[in-house]
Amino acid sequence: MQTVQTFLQTIWASILLLGWFKVIIIVVAIAVLSKYQYVLGLLAALLFVAFLGHWIAF
């Protein structure tokens with residue numbers, strides 16, 4: 001449970017760090033690129049944003 005909570009906090013911190021507008025652009029771009037696999041695209045976008053935010057913060 002701690003891992004999931006840390007994961008969600010990282011995603012939320014990344015979203016706040018990058019700003020909503022940039023996040024929406026990233027999510028939409030990845031979703032459009034993977035329109036046949038929207039759920040996987042959305043997951044990939046969230047993981048990318050979390051990674052990017054974590055990388056920028058540290």
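Residue indices begin from 1 for each chain and proceed along its sequence in written order. pLDDT decides what is reported in this predicted model: residues at 70 or higher carry local features, side-chain atom pairs at 80 or more are listed and counted, and totals for whole chains, interfaces and linings draw on all residues regardless. Hydrogen atoms and water are omitted, and side-chain values are computed over all heavy atoms in the structure.

Q: Can you lay out the environment of F48 for me, pointing to particular residues and giving the numbers?
A: Summarising the element assignment, F48 is placed in helix α3 (residues 38-57). Relative accessible area serves as the criterion here: at 39%, F48 is assigned to the partly exposed category. Think of it this way: any DSSP run of H or I at least four residues long counts as a helix, any run of E at least two long counts as a strand, and we number them from the N terminus. Remark: exposure states derive from per-residue accessible area (1.4 Å probe, protein chains only) relative to the maximum for the residue type, with buried under 20%, exposed over 50%, and partly exposed in between.

Q: Lay out the confidence of the model for the protein in plain terms, naming residues and giving numbers.
A: Segments scoring low in pLDDT should not have their predicted coordinates read at a detailed level. Summing up the model confidence of the protein, the mean pLDDT is 77 and the portion of residues at 70 or higher is 88%. pLDDT measures how confident the predictor is about each residue, on a scale from 0 to 100. Element-level pLDDT for the protein is lowest in helix α2 (residues 20-33), with a mean of 76, against a maximum mean of 79 in α3.

Q: Let's hear about helix α1 (residues 2-18): which residues, and what values?
A: A helix is expected to span 1.5 Å for every residue after the first. Taking 1.5 Å per residue, 17 residues should reach 24 Å; α1 reaches 24 Å between its end C-alpha atoms and fits that length. Within α1 the residues assigned to the buried category are I11, S14, I15 and L18. All buried residues of α1 fall inside an arc of 100 degrees around its axis, so they share one side. Positive backbone phi, at 90 degrees, marks G19, one or two positions downstream of α1. Directions drawn from the helix axis to the C-beta atoms are what define this arc.

Q: So what's going on with α2? Which residues, and what values?
A: Compared with an ideal rise of 1.5 Å per residue, which puts 14 residues at 20 Å, α2 spans 20 Å between its outermost C-alpha atoms and is within 8% of the ideal. Among the residues making up α2, those that are buried are V23, I26, V27 and A31. Buried residues in α2, looked at end-on, bunch into an arc of 125 degrees, giving them a common side. Exposed side chains of α2 directed beyond 90 degrees from the buried face belong to F21, K22, V32 and L33.

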